Amino acid sequence: MPKRKAAIVVGGVAALGAAALLLPNANASQDKGTTAAGTARTLKATDATTLAAQLKQSLGGQFAGSYYDSAKQQLVVNAVGDGAAVARAKSAGAVVRQVENSTADLQSAAKTLRTKAAIPGTAWAVDPRTNKVIVSADSTVTGAKWDRLESTVDGLGSGTATLKKTGGTFKTFVSGGDAIFSQVQGGGVRCSLGFNVTAADGSPAFLTAGHCGVAAEEWSDSQTGQPIATVDQATFPGEGDFSLVKYDDPATEAPSEVNAGNGQVVAITQAAEATVGSTVFRMGSTTGLHDGQVTGLDATVNFQSETDPNGVDTVTGLIQTDVCAEPGDSGGSLFTQEGAAIGLTSGGSGDCTSGGETFFQPVTTALAATGATLGDAGAGAGDDQAGAGDQAGAGDEAGAGDQAGGDEIGGADDQAGAGDAAAEEQGAKHHHRNRQQGGTSAN
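Here is what the cut-offs are and how they apply
Residues numbered from 1 in each chain as written. Predicted model: local features only at pLDDT ≥ 70, side-chain atom pairs only at ≥ 80, totals over all residues. Heavy atoms only, no water. Helix = DSSP H or I, 4+ residues; strand = E, 2+ residues; numbered from the N terminus. Buried < 20%, exposed > 50% of the residue type's maximum accessible area, 1.4 Å probe, protein only. Contact = heavy atoms within 4.5 Å. Areas by Shrake-Rupley, 256 points an atom, 1.4 Å probe, with all protein chains shown as cover. Disulfide = S-S within 2.5 Å. Pairing = 2+ DSSP bridges. Right-handed = clockwise from strand over helix to strand, strands pointing away.

**Looking at the overall build of the chain**
Consideration 1: Counting its secondary structure elements, the chain contains 7 helices and 25 strands.
Consideration 2: Within the chain, the fraction of its 443 residues that count as buried is 57%.
Consideration 3: Contacts in the chain between residues at least 24 apart in sequence constitute 71% of all its contacts with a sequence separation of at least 6.
Consideration 4: Element-wise, carbon and sulfur atoms account for 47% of the exposed surface of the chain, whose accessible area totals about 16100 Å².

**Digging into the state of the cysteines**
Consideration 1: Taken as a whole, this structure holds 2 disulfides when the rule is applied.
Consideration 2: Note on cysteine connectivity: Cys324 is disulfide-linked to Cys352, with sulfurs 2.0 Å apart. Of note, the bridge from Cys324 to Cys352 carries an S-S torsion of about 95° and is right-handed in sense. Taken as a pair, Cys324 in the loop between strand E20 (312-321) and strand E21 (333-335) and Cys352 in the loop between strand E22 (340-351) and strand E23 (355-362) lie far apart in primary sequence, 28 residues in all.
Consideration 3: With a relative accessible area of 10%, Cys324 lands in the buried category.
Consideration 4: We classify Cys352 as partly exposed; its relative accessible area is 24%.

**Re the pairing of strand E2 (residues 74-79)**
Consideration 1: Buried residues dominate E2, accounting for 6 of its 6 residues.
Consideration 2: Of the two faces of E2, the one carrying Gln74, Val76 and Asn78 and the one carrying Leu75, Val77 and Ala79 are both buried.
Consideration 3: Where strand E1 (residues 63-69) meets E2, 5 bridges bridge the pair, whose relative direction is antiparallel. Looking at the pairing, Tyr68 lines up with Leu75 of E2.
Consideration 4: In the sheet, E2 pairs with strand E3 (residues 95-98) via 4 bridges, with the strands oriented parallel. For Asn78, the partnering residue across the bridge sits in E3 and is Arg97.
Consideration 5: Handedness of the crossover is the feature at issue here: the chain leaves E2, passes through helix H3 (residues 84-91), returns alongside E3, and the resulting connection is right-handed.

In short, the description is geometric, and any link to function would need to be established separately.
What follows is the structure, encoded as structure tokens:
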């Protein structure tokens, strides 16, 4: 019998706008302009991320963030002060912008927010384009909670932080339905598979959201099928929202690719850091393929606790974007046109009709924490693997910040129509688990 082949994302109808942008140009190269010393270079987003990482190290304490100007295809680097290091950054081809707030200033502001204003329904992230911390409050933050948040932000100073209202409610995007499933007491849970990886012991596995791994231990690739994978590690809430889930059959083929819908596949060749301003694509089992831009790093989201009506689930270290998502998309893959794995869908507000904002767990952080590697280096690897194993740490540091989630986990009857993959009965389950549970559970 042929070995089982695991799909990255099962089902989902691709959004035509994103598909039109991504698919004809997937993995296409982009010419880099050559310029005289001290003149800004024309860069594709992946090269801008690599240059940003180099300049961050070179500038040291003068570095105050960076972002990609997609219209001009240039890297913009914020710097505090001037000097030889700044001159070298200009010579390297970056646009250098003098700013007031250092990275340390912005981190201090975020720490104050965490101490004084960790209110359910709030979030904050560093926006290098404004050189400020952008603080968001959803529709549940009213009355005394709003007054407390507004007072805290005002105390940081207008030059340090900005407060805004956002539509909808911050929640994790888990639901009953499609893609990867688990039956738990009181109903079912549905999430999306993010990226296939190889666990530290060489066995095939995949990454998904941590709140999915905390909600249920065993997962299937169809609603009524037998479990095919078991949670090995899960972190949520706290310093991340990621799970490592091992396939029960060690001969499972786990290709390093994303099913982008419409019969199209994007090979995933490396893991990379997010860069503000860069275009990214999200694939999920409920809403399919959607695109948008990275809008912030070092993000924190405070969700209403699942277990304590007066409590808050805070997750740190996420990426903020303007990409939409809906229940069932949790854990799904965030990636670039060039095939770099960027993040795992965590939570956010809004939907794919009215729009919204979504937060993602950086893949680089999840790989480092679990000891997994991207691709098929383990047993059962198929011949169709593309670029497995190269983890490129290009870019700014892995989504430092605070973030994410733990909102409602819907019942199995809340199906949102994506297609089910055929389920095959599996044996020989892995029982080793090392779950870091932050006091939340599934309904």
